[in-house]
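# Tertiary structure, described
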Amino acid sequence: GRDGSRVGGSCESSGLELPPGGRSAVLNVVNHLDDRRVQGVGIIAATALREALLAVDGDDPRAGSGAAAAAEGARTRLLEALQPHMKDLLALRDEVIAPPLQGA
């Protein structure tokens, strides 16, 4: 936890294999969880997904019905919401997610 106590098992005991440099890369990501920019991406994504779910549940004729329509609607709304921020998102990715994890 935040107090330094151990949460969960080690990577080795969980069967999670990390590439060379992966442990420090994962720690870098964790260290950025309180970064307002990272949290902002989460808020944008959560809002877009909520709107997609409301569209499927509501009367939006473009939404369709069923799981496939929900998934496609979520994907579309998420891309629409993130697209205006793409330059900043790519820069943030490069800062937060080390190359060993970018392709994972």
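Shown above is the structure to which this text applies.
Residues numbered from 1 in each chain as written. Predicted model: local features only at pLDDT ≥ 70, side-chain atom pairs only at ≥ 80, totals over all residues. Heavy atoms only, no water.

### Observations regarding the overall build of the protein
Using the following cut-off: Under the scheme used here, helices are H or I runs from DSSP no shorter than 4 residues and strands are E runs no shorter than 2 residues, and both carry numbers assigned from the N terminus. Exposure is judged per residue with a 1.4 Å probe applied to protein chains only, and the accessible area is read against the type maximum: over 50% gives exposed, under 20% gives buried, and values in between give partly exposed. For this analysis, residues touch if any pair of their heavy atoms sits within 4.5 Å. The protein chains shown are the only cover counted for residues, whose accessible areas, like all others here, come from Shrake-Rupley with a 1.4 Å probe.
What the protein contains, in helices and strands, is 6 helices and 0 strands. The linear arrangement of helices and strands in the protein, starting from the amino end, is α-α-α-α-α-α. Going through the 104 residues of the protein one by one, you find that 17% of them count as buried. Taking as baseline every contact in the protein between residues at least 6 positions apart, the subset at least 24 positions apart corresponds to 60%. Of the accessible surface of the protein, which amounts to about 7800 Å², a share of 58% is contributed by carbon and sulfur atoms.

### Concerning the side chain of His-32
Put simply, the test is: Definition of a polar contact: a pair of N or O atoms within 3.5 Å, with one able to donate and the other able to accept a hydrogen when the atoms are protein atoms, and with sequence-neighbouring residues admitted only if both atoms are side-chain atoms.
Positionally, His-32 belongs in the loop between α2 (22-31) and α3 (36-57). Engagement of the side chain of His-32 in a polar contact is seen with the backbone oxygen of Asn-28, the distance being 2.8 Å. Those residues in contact with His-32, other than ones at most four positions away along the chain, are Val-38, Glu-95 and Val-96.

### Topic: a nonpolar patch on the surface
To keep things clear, this is the line we draw: What goes into a patch is any residue over 30% in relative accessible area without a salt bridge, connected to like charges within 9 Å or, for nonpolar side chains (Val, Leu, Ile, Met, Phe, Trp, Tyr), within 5 Å. Counted as salt bridges are all cases of a side-chain nitrogen of Lys or Arg within 4 Å of a carboxyl oxygen of Asp or Glu.
On the surface, Val-26, Val-30 and Leu-33 cluster together into a nonpolar patch covering about 230 Å² of accessible area. With respect to the secondary-structure elements, Leu-33 resides in the loop between α2 and α3.

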